[in-house]
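Structural description and commentary
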Amino acid sequence: MGRAEERKARQRGGRRAAPGHRSSPDTAHETAESPGGTATAVQAPVAEGGTRAERRKAAAGKGKQGKGKPATGGKGRIRRLFTWKKMLGAFFTVCLLGIGAFIALYTMVSVPEGNALAQTQSNVYKYSDGSVLARKGTVNREIVDLSKVPTEVQHTFVAAENKTFYNDNGIDLKGMARGLYNTARGRGTQGGSTITQQYVKNYYLDQDQTVTRKLKELVISLKVDREKSKDEILAGYINTSYYGRGAYGIQAAAQAYYRVDAEKLSVQQGAYLAALLQAPSQYDWAVAGPIGKKLVKQRWNYVLDNMVGQGWLDKSKRDTLKFPIPKAPKAASGLEGQKGYLVELANTQLENQLMKTQGLTRSEAEAQVVDQGWTITLNIDPKKQAKLEAAVKSQLTSKLDGKKRKVDKNVQAGAVSVDPKTGKILALYGGVDYYKHYTDNATRADYQPASTFKPIILAAALDQNAKTQDGKEINANTIYDGTSGRAVKGSDIAFSPPNEDDADYGDITVQTAMNKSVNSVFAQMGVDVGMKNVMKVADDLGLDTTDLPAVPAQTLGSMGASPLEMAGVYATLDNHGQKVTPSILASAEKTGRKVDLPDPIGEQVISSSAADQVTSVLTGVVDDGTAKVSVAQNPLRKGQQVAGKTGTSDSNKSAWFTGFTPDLVTSVGLFGEDSKSHNQVSLTGATGLIPGTGRINGGGYPAQVWAAYTFGVTKKQKFDLNTDLGAAVQPTETPSKSATPSETPSETPSQTPTKSAPPSQTPSQTPSQTPTTSAPPSQTPSQTPSQTPTGQNTDNPFDPANTIR
């Protein structure tokens, strides 16, 4: 086809004939023979000479010629919709809208009047009957000019909280974005606030974790940073922050922790106060546990290292600084006697609930609770509280005389009484006086529970349907070998705990082993159950077993525990295995706000049959075991049914009795604490009334305090038990073999580590019943027989060669 012919074809609406190598899938083709003999694809003419409508119709049909091939028009429309120009335009539109919204917000939000003083007011604490327990709210604050604070001390706060403080514009955008996102998602708070933001939150706003409050904080922080100098902002921050011990501001904190004015603070003392702001109560050295002390030291070092990095502290001077241990706290007026202990526990439990429900940090929760106008009603029964205090005085403290005996100054008592049906803490004894002993003995968890841990092992065995090494089911009647120092079978760690005075009991039942607290039996039982199972059940029942190794030595009660925790464990047993978490809070409310409190009664953590069989077994400890003299034979008992367990730790550093009736659980602990150094020391010789070695055991003063209190406030009831085993339903079986112990009710101790430390020694208890070969011991009517210490402390409790003899 020539060029002229092609032009004519185009004019007629046709298509130019295409060479064979340029064929198109969108057109119909015909094959023609060229003059040269070459096959050429020639487009079939379409409606040559046809009308314009026919040609349009023919053109539209081209898209349908490939059968099964979708049209590409949809994709084209999407590409045309999302062009880079349109996307860039949308991005800039969003940015402009955001900028406009921020400008509007910045214009609308003004810097309010400071409200910190207005928010600080008295809290009112009430007993369960509505009578006032205490009012606490005198604000301990004295504003000081920044010039009165040493420059190095000023820098400690900047190094701790906001190293870029002197150069930033008052906000941390990344931190704010993260905080807003997590608040919107309900994930609690995240770090990242500048000193300016924290000052704004403390002085102008509140601690609520809402998106609205955070946006206000952002705007006000920008404005404050423009209107105030950095020194003014820093002064406001350190003068409005809460440091614990009721101290608001750096001047009050300097006096509370170091008995000096702010201008006399050293750089190391300032670093401690700066570190405190992260968690005032947890980091207070006077009450901090091992973990809290470790964390605050790490924080203290972090502050000083940051100062070196910023050029504010010479490295050589930093290397010479030692951690400045604070002075003992002085309690505020109005919290004398037991009031301070009750108020502090109420505050702590309320803070815990706010942290859980609102995602607050400890510091933020304290700031919301302390002196913030709350009306807090406690579960404390004033009559039972008075009875518990009277029992401690009549049975223990009235017999102590620090002038005659140095050891009497070292005796500390703690007790918690709980209703097992409701979980209410009805009475609590935290120490001789909140002003004289700041640490609450009822909640401290740094002393061993010793043999009071043995019921937990039995509970685990029964709940797990565990069997002995030879395949026999474990229950109250199961026979175990009570030979002293017998190697535990099936353990990956060699362990051969001795019994008291190496007494051998031969084949005895679990019931008798509990009555006599035979170490060899419960060490073997722990391995039979599996130590991981034992520790899990302990945790489920209410002990904190975090980071504790699941090793056989734990069967001897070598971890730390508090009377509050032990009361919760035994209350769960008394409540047929349904979890009891003791609570001191009945209600907490302030104007326009009431806190929803958790139910102290939780889920079933062990079977009711397992819990009831343990209770049944523990009645034998009272009637035929180590608590027989002080509890079972107590003239106040009058037929009341009682279950319980005694315990005494190594070197006589602690002595326990945790017992219960159907309607009341009370844990009493005695702790040896040096009156000056506060180190753990022996109780032996206290009161001077115990013959022989003078050893204080769990069946002595702790059980006597328990009985004097309990039998005065409970009614005669019987346990409703879902079991046909144990001393409550069967007589205690007499051991087939026994050796002659040197004394009656006595308990072998175990060395005292802190709660997070591995167990260190082997506690044990002497049988409460005198074997047939022994002579009757002599006793005074008012005193439980003494106990003989078993030996020296060892360095490694997991070494079978280092057992008590």
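Please read all numbers here as calculations on a predicted model, not as lab measurements.

What counts, and where the lines are drawn
- Residues numbered from 1 in each chain as written.
- Predicted model: local features only at pLDDT ≥ 70, side-chain atom pairs only at ≥ 80, totals over all residues.
- Heavy atoms only, no water.
- Salt bridge = Lys/Arg side-chain N within 4 Å of Asp/Glu carboxyl O.
- Helix = DSSP H or I, 4+ residues; strand = E, 2+ residues; numbered from the N terminus.
- Buried < 20%, exposed > 50% of the residue type's maximum accessible area, 1.4 Å probe, protein only.
- Pairing = 2+ DSSP bridges.
- Axes fitted to C-alpha atoms, helices over the stretch in contact; angles between N-to-C directions.
- Lys, Arg positive; Asp, Glu negative; His and termini not counted.
- Contact = heavy atoms within 4.5 Å.
- pLDDT = per-residue confidence, 0-100.
- Parallel < 35°, antiparallel > 145°, perpendicular 65-115°, else oblique.
- Nonpolar A, V, L, I, M, F, W, Y, C, P; charged D, E, K, R; others polar.
- Left-handed = near helix turned anticlockwise from the far one by under 90°.

The next subject is the pattern of salt bridges. Following the criterion strictly, the structure yields 18 salt bridges and no others. As a salt-bridge pair, E152 and K317 come within 3.1 Å of each other at their nearest N and O atoms. Here K317 lies in helix 15 (residues 315–320) and E152 lies in helix 6 (residues 151–161), a separation of 165 residues in the sequence. On the accessibility criterion, K317 (36% relative accessible area) is partly exposed. Residues R299 and E161 are paired through a salt bridge, measuring 3.3 Å at the closest nitrogen-oxygen approach. Taken together, the positions of R299 in helix 14 (residues 290–309) and E161 in helix 6 put the pair 138 residues apart, joining distant regions of the chain. Each of the salt bridges in this network shares a partner with another, and the network as a whole consists of D168, D225 and K230.

What follows is about the sheet that holds strand 3 (residues 123–126). Spatially, the 5 strands line up as an open sheet ordered 4-3-7-13-14, and their pairing is mixed. What marks the edges here is a single partner per strand, and that holds for strand 4 (132–136) and strand 14 (593–594). Two strands pair when backbone bridges link them, and strand 7 (residues 375–378) and strand 13 (residues 585–590) are joined in this way by 4 bridges, in the antiparallel orientation. Paired with L378 across the two strands is L585, which belongs to strand 13.

Next up on the list: the sheet that holds strand 16 (residues 643–648). Strand order in this open sheet of 5 strands is 9-8-18-17-16, and the pairing throughout is antiparallel. Each edge of the sheet is formed by a strand with only one pairing partner; in this case those strands are strand 9 (425–429) and strand 16. Ignoring strand direction, the axes of neighbouring strands in this sheet form an average angle of 5°. Note: strand 16 against strand 17 (residues 654–661), 6 bridges, orientation antiparallel. By the bridge assignment for strand 17, A643 is matched with F660.

Along the polypeptide, E366 turns up in helix 17 (residues 362–369). For the buried E366, which has no salt bridge, the nearest side chain bearing the opposite charge is R362, at an N-O separation of 4.9 Å. When residues no more than four places from it in sequence are discounted, the contact partners of E366 are Y242, P280, S281 and E351.

Per-residue pLDDT for the protein averages 81, and the proportion of residues at 70 or more is 72%. Considering only residues more than four positions removed or in separate chains, one finds that residues 14–49, a stretch of pLDDT under 50, has 38 contacts.

On to the packing of helix 21 (residues 519–529) against helix 22 (residues 531–541). At a closest axis distance of 5 Å, the pairing of helix 21 and helix 22 adopts a crossing angle of 95°. As far as their axial angle goes, helix 22 and helix 21 are roughly perpendicular. Of the residues in helix 22, those in contact with G526, V527 and V529 of helix 21 are M531, N533 and V534. Its residues placed into classes, the contact of helix 21 with helix 22 shows 4 nonpolar, 2 polar and no charged.

Here we come to the packing of helix 16 (residues 339–358) against helix 17. At a minimum axis distance of 9 Å, the contact between helix 16 and helix 17 shows a crossing angle of 120°. With respect to helix 17, the axis of helix 16 lies oblique. Relative to helix 17, helix 16 is oriented so that their crossing is right-handed. On helix 17, the residues that touch N347, T348, L350, E351, N352, L354, M355 and Q358 of helix 16 are R362, A365, E366, Q368 and V369. When the residues that make up the contact of helix 16 with helix 17 are grouped by side-chain class, the tally is 5 nonpolar, 5 polar and 3 charged.

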